[in-house]
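# Residue-level structure breakdown
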Amino acid sequence: MTEEQRSILSRIQKDANLSKTEILLKGLELLSEYYSLGLDTPPLSLELKRLEGEAVHHAEALKRIRRREDALKEMIRELHDIDEIVNRCGGPNALIQILLDIQKQFGWISKLAVMWISKRLGVPFSSIYQIATFYKVFSLTPKGRHRVRACLGTACHIRGGPRVMERIERLLGIGDGDVTPEGKFGLERVNCLGCCALGPVMVVNDDYYGNVKPTEVGKILSKYG
Amino acid sequence: MVEKIRSPAELEKLRSEIIARRDPKKRIITACASTGCSALGARKVIESLKEEVKKRGLVGQVGVKEDEVEVKETGCLGFCELGPRVIVYPEEVPYFRVKPEDTPEIVSETVVKGKIVERLLYADPTTGEKARKLEDIPFYKHQLRLLLKNNALIDPKKVEDYIALGGYGALSKVLFQMAPEQVIEEIKKSNLRGRGGGGFPTGRKWETTRNAPGEPKYVLVNCDEGDPGAFMDRALMEGNPHSVLEGLMIGSYAMGANEGFIYVREEYPLTVENITTAIKQAEDCGLLGGNIMGSGFNFRVNVHRGAGAFVSGESSALMAAIEGEVGEPRPKYIHMAVKGLWEKPSCLNNVETWANVPLIILNGAGWFRDMGTKNSSGTKIFSLVGKVNNTGLVEVLMGITLRDLIFKIGGGIRGGKRFKAVQTGGPSGGFIPEKYLDLHIDFDELTKVGSMMGSGGVIVMDEDTCIVDVTRYYVDFLSKESCGKCVPCREGLRQILNIFKRICSGLGEEGDFENLEDLSELLKEASLCALGTTATNPVVTSLTHFRGEYEAHIREKRCPAKVCRALVAYYIQPEKCQACMKCSRSCPVDAIIGDKDTIHVIDQEKCIRCGACYEECQFNAIEKISPPTPPPPRRGIKVIRKKKRE
């Protein structure tokens, strides 16, 4: 472990009152350092173990360190997954493809992911942010466990799509792009799913429902626990 | 897997081998596995068909062994309305609306005994006559299916199926018997025009790319079918991906390109899957990649998934998206065919255009040119949706009249309602009123009446559709999809939308007509890309042909089609109400007063006009009224129940 990394670690330790996101971001900095050094598996856990030993008589400090360790582990896992996607898709030209895969795998694009890709591909953070906000598929906030999509393409629109959408909104108590408080359902309105002959169409996860009547919405949603 | 093909002779050999291996008497059950039928439960039907076939084979009670029956998953046949669709070969018996519980009967009756299951056949809604062949169904009878024909026979995940039907024959012909210039000449002679909507002559585009300076050159497939209401590209790409690939390769050979991109929208997951599989298989066979069929021609193709932006279907925006940038259009002082992807000559064509190419090469330019009208040759696939009886994909000769399309193929308007308008070309097209129903559909005729071919969406509207509301919908859609790069489109659409919102909520003013007209003209003149310049086509055409509806909204504050919420009220007719409480239970805001024996009354103050009660009522007692002034409520009337009918 280099002197520099040690200092970063101790800095995290010192600023023990950081919020969770801040710890994550600090951790990211830390990991980027490791990455730039070409060390694949940082001996992070070892270092944390040592800190743990030191702090054993400080129960509070221990808890914090444990939490931090979990968060870091989680983060490392996420970054590994992202790395895999980046390696699979290729260089900066494939940025949109990389983001699509991340969106698909995680259900959203976290700040961490954006920072990491930016570092890996050498693309400015702002450019990635620009793309992630321009295209409709990407979400910068977590989605619900079940992804509910209501089609409001023209064919669905004239065959009662808006009423279906409205019923979903009312039943779930959320609007377009929102997630229910317990994180169960996320609702999106989409412009066309290519099933125009079956309008109005709604999709939950990957299950398509055609010719939906507003009165059937409740039954459909109740299938997803 | 098959060996790599090293010469045209080997391709022919493989083809004859595949055909020889097939027993023409072999029973094949094909089932549609595309997105539309899947939405109606096709997956379960296919699973249970396979299960059934397996079970029978194992039991061995009947004369048919397992390997003599094949269940094949194919692409879309267009009649999505009646899915899931199953066809049993060799008799070609088409079954519609098949449920998993019907499969034992299909296997035991049709497959084993060759008998037809009458109840699963298509019955003509007027005569009740059953159709034993696809061609007997009026929906198919009037079509000419050149591109979609093979969707019924091909498993898109098997390259052998495509080869067996003559696939890649055109490519081999081009690679070994034709010079690139000859190919372009042939396409030019065929008079093929871009099917993506613009109708630009394909041959000329190819020639421009070929002659443009700069290497390498790129060829691209536009499958970013963002136009809501259209799904022909999905059906083609999903059902017969190799035909698009073959066309693309022929084009790349003619233009001297060695790399291609296929841009597919992410909303079509199955399409992405099928085209990726198709590329892999073509590569394995030596039909794609290096030294194709031993000709020395190399071609590589990449699939790029779009991420949901309507504007990215525009050529320069699409190329920006492939470069990994934000998919915004750029000014096209120099055509994309000359300076496109990475500033290199790039030829972008629509899925349907590419799929036409192998057919032209095989059958000759003359064959193609003689079909259709003088300036628009060949066939066109339309997605016929909206308020028609038979919705789905139809492929017809160019020059068919709208009336034939809607009434002969589409089977007329649903529920015996009156036809009001047809909208072609999606958000960039216009409304066509009844008086133009005898118009012959081709690129130029549609432009003449203020609409356009677009990608081929045909949306039929009946008397219950509010033209103002649909126009508002289009403007809303486009204002959301406008990338915001140029001011006329970004701000203009926003202002138009504001006017529409006012009109639809009963706050329209006299000057709105002029404002809409002025803004429309401005957008048409000053926008950067086609999204803006065509955005007001729906506005202009609806103002011309349906001015009366606007006037009703603005002056009389009523919505003739009873759609615009602020201009509609719900009213329970006391003489029809049976006091069943169903509506009051469904009301989300408890606006319905009444109990078991008293006629219900809607509290207009509380009512949010969601229409829930309207849908629930079994006695048609609830009516929509516009303008929203229901007669004063009379509460506490006792119900006089009708006797239940037997």
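Worth saying up front: this structure is predicted, and the values here are computed from it rather than measured. (Residues numbered from 1 in each chain as written. Chains lettered and ligands numbered in written order. Predicted model: local features only at pLDDT ≥ 70, side-chain atom pairs only at ≥ 80, totals over all residues.)

## Observations concerning the overall build of chain A
For clarity, the threshold we go by: Counting from the N terminus, the helices are the DSSP runs of H or I reaching at least four residues and the strands are the DSSP runs of E reaching at least two. Note on burial: count the other C-beta atoms lying within 10 Å of the residue's C-beta; 20 or more is buried, 12 or fewer is exposed, in between is partly exposed, and C-beta positions come from the backbone. Note that contacts rest on C-beta atoms placed from the backbone: two residues are in contact if these are within 7 Å.
When helices and strands are counted, chain A shows ten helices and four strands. Counting all 225 residues of chain A, 36% fall into the buried class. In chain A, the proportion of contacts linking residues at least 24 apart, taken out of those at least 6 apart, comes to 60%.

## Details of the overall build of chain B
The line we're drawing: For the radius of gyration, the atom set is restricted to C-alpha positions; the globular benchmark scales as 2.2 Å times the number of residues to the power 0.38.
If you tally the helices and strands in chain B, you get 25 helices and 19 strands. Expected size for 646 residues packed as a compact globule is a radius of gyration near 26 Å; at 28 Å, chain B falls within 12% of this value. Expressed along its principal axes, the backbone C-alpha trace of chain B runs to roughly 85 × 70 × 40 Å. Contacts in chain B between residues at least 24 apart in sequence constitute 72% of all its contacts with a sequence separation of at least 6.

## Considering the domain arrangement of chain B
Definition in use: Domain start and stop points were drawn from an automatic or database domain assignment.
The domains assigned to chain B are domain 1 (25–143), domain 2 (159–368), domain 3 (385–465), domain 4 (468–554) and domain 5 (568–625). Computed over C-alpha atoms only, the centres of domain 1 of chain B and domain 5 of chain B are separated by 44 Å.

## Comments concerning the interface of chain A and chain B
Quoted interface sizes are often the accessible area lost when the parts come together. Using the following cut-off: Charged means Asp, Glu, Lys or Arg here, nonpolar means Ala, Val, Leu, Ile, Met, Phe, Trp, Tyr, Cys or Pro, and polar covers whatever is left, Gly included.
Contact with chain A, which involves 39 residues of that partner, is made by 42 residues of chain B. Counting only elements with at least two residues in the side of chain A that touches chain B, the list comes to α5 (95–106), α7 (125–134), α8 (154–158), α9 (161–172) and β4 (207–209) of chain A. When the residues that make up the side of chain A that touches chain B are grouped by side-chain class, the tally is 23 nonpolar, eleven polar and five charged.

## Things to note about the sheet that holds strand β1 (residues 27–32) of chain B
All names here are of chain B. Applied cut-off: DSSP-based pairing: two strands are paired if at least 2 bridges between them are found. To define axes, lines are fitted to C-alpha atoms, for helices over the stretch in contact only, and angles between the resulting N-to-C directions are given on a 0 to 180 degree scale.
Pairing is mixed in the open sheet, where four strands are placed in the order β2-β1-β3-β4. Sheet topology places β2 (69–74) and β4 (93–95) at the edges, where each strand pairs with a single neighbour. Strand after strand, the sheet turns through a mean of 20° between neighbouring axes, direction not considered. Against the sheet, helix α4 (residues 103–113) engages β1, β2, β3 (86–89) and β4, with an angle of about 30° to β3.

## Looking at unusual backbone geometry
All names here are of chain B. In this structure, the amide linkage connecting Y89 to the following residue, P90, adopts the cis form with an omega of 5°. The topology assignment puts P90 in the loop between β3 and β4. Each neighbour pair has its own omega, and for E215 with P216 the value is -10°, a cis peptide bond. Tracing the sequence through the fold places P216 in the loop between α9 (202–211) and β7 (218–223). You will see that K557, though not glycine, has its phi angle at about 50°, which is positive. Tracing the sequence through the fold places K557 in the loop between α23 (547–554) and β16 (569–572). On the neighbour-count criterion, K557 (19 C-beta atoms within 10 Å) is partly exposed. In this model, R609 sits at a positive phi of 60°, which is unusual for a non-glycine residue.

## Observations concerning the sheet that holds strand β13 (residues 419–424) of chain B
All names here are of chain B. Pairing in this open sheet of five strands is mixed, and the strands run β12-β11-β15-β13-β14 from one edge to the other. Where the open sheet ends on each side, the last strands, each with one partner, are β12 (392–397) and β14 (431–433). On average, each strand axis in the sheet is inclined to that of its neighbour by 30°, with strand direction left out of account. Note that β13 and strand β15 (residues 457–462) share five bridges and pair antiparallel. Note on β15: the bridge partner recorded for T424 is V458.

## A short note on the packing of helix α18 (residues 467–481) of chain B against helix α19 (residues 487–504) of chain B
Helix packing for two helices is described by the angle between their axes and how far apart those axes are. Residues and elements named next belong to chain B. Formally: Oblique is the label for any angle not covered by the other classes, which are roughly parallel (under 35 degrees), roughly antiparallel (over 145) and roughly perpendicular (65 to 115). Crossings are sorted by hand: turned counterclockwise from the far helix by less than a right angle, the near helix makes the crossing left-handed, and turned clockwise it makes it right-handed.
α19 packs onto α18 with a crossing angle of 150° between their chain directions and a minimal axis gap of 9 Å. Looking at the two axes, α18 sits roughly antiparallel to α19. Two packed elements cross with a definite hand, and for α18 against α19 that hand is left-handed. Contacts from V468, D469, T471, R472, V475, D476, L478 and S479 in α18 reach L493, R494, I496, L497, F500, I503 and C504 in α19.

## Points about the pairing of β15(B)
Residues and elements named next belong to chain B. Most of β15 sits out of view: five of its six residues are buried. Relative to β15, strand β11 (residues 379–386) runs parallel, the two sharing four bridges. Bridge pairing links V385 to I459 in β15.

## Considerations on helix α7 (residues 169–177) of chain B
All buried positions along α7(B) are accounted for by B:A170, B:L171, B:S172, B:V174 and B:L175. The secondary structure elements touched by the buried residues of α7(B) are α1 (8–21), α8 (180–190), α11 (241–255) and α14 (351–363) of chain B.

## Observations concerning the environment of B:S16
Tracing the backbone shows B:S16 in helix α1. On a C-alpha basis, the gap between B:S16 and B:I593 in space is 75 Å, while along the polypeptide they are 577 residues apart.

## Digging into the nonpolar core
Just so we agree on the cut-off: Structurally, a nonpolar core is described as a collection of buried Ala, Val, Leu, Ile, Met, Phe, Trp, Tyr and Cys residues joined by way of C-beta atoms within 7 Å.
Residues A:V201, B:A31, B:I250 and B:L405 are the most contacted members of the largest nonpolar core, which totals 229 residues. With sequence-adjacent residues up to four places away left out, B:L405 is seen in contact with B:F382, B:L384, B:V396, B:I400, B:G410, B:I441 and B:V458. Judged by nonpolar contacts, the second largest core, of 19 residues, contains B:Y570, B:C583, B:I602 and B:C613.

## Structural notes on the environment of B:K624
All names here are of chain B. Tracing the backbone shows K624 in strand β19 (residues 622–625). Its 17 C-beta neighbours within 10 Å are what place K624 among the partly exposed residues. Separated by ten residues in the primary sequence, K624 and Y614 have C-alpha atoms spaced 8.2 Å apart. Among all residues touching K624, those that are not within four sequence positions of it are K562, V568, Y570 and Y614.

## A word on the confidence of the model for chain B
Rule in force here: Confidence of the prediction at every residue is given by pLDDT, a number between 0 and 100.
When the pLDDT values of chain B are averaged, the result is 87; 97% of them are 70 or greater. Counting interchain partners and residues more than four positions distant, the pLDDT-below-50 stretch residues 58–66 of chain B has twelve contacts.

## Points about the environment of B:I292
Residue and element names in this part refer to chain B. Inspection of the secondary structure assignment puts I292 in the loop between α12 (269–284) and β9 (300–306). Sequence separation between I292 and R56 is 236 residues; the distance between their C-alpha atoms is 43 Å. Once you skip the residues sitting within four places of it in the chain, I292 turns out to touch L175, G286, L287, F297 and F299.

## Some points on α23(B)
Residues lying three or four places apart along an α-helix face the same way, a consequence of the helix completing one turn every 3.6 residues. Residue and element names in this part refer to chain B. Applicable threshold: The arc in question is the one traced by the directions running from the helix axis out to the C-beta atoms.
Where α23 is concerned, the buried positions are E549, Y550, A552 and H553. The buried residues of α23 occupy an angular sector of 160° when the element is viewed end-on, so they sit on one face. The exposed residues of α23 that point more than 90 degrees off its buried face are R547 and G548. Looking at the buried positions of α23, the neighbouring elements they touch are α18, α19, α20 (512–526) and α22 (537–545).

## Things to note about the packing of α20(B) against α22(B)
Residues and elements named next belong to chain B. Running from amino to carboxyl end, α20 crosses α22 at an angle of 140°, the nearest separation of the two axes being 10 Å. Taken together, the axis directions place α20 and α22 in an arrangement best described as oblique. With respect to the hand of their crossing, α20 and α22 are arranged in left-handed fashion. Packed against α20, whose contacting residues are F513, L516, E517 and S520, the element α22 presents V539, V540 and L543 at the interface. The class makeup of the residues in the contact of α20 with α22 is five nonpolar, one polar and one charged.

## Things to note about the confidence of the model for chain A
Residue and element names in this part refer to chain A. In this model, chain A carries an average pLDDT of 78, and 72% of its residues clear a pLDDT of 70 or more. Per-element confidence in chain A is highest for strand β3 (residues 202–204), whose mean pLDDT is 91, and lowest for helix α2 (residues 20–37), whose mean pLDDT is 57. For residues 37–42, every residue scores under 50 in pLDDT, and the model assigns this stretch two contacts once sequence neighbours within four places are set aside.

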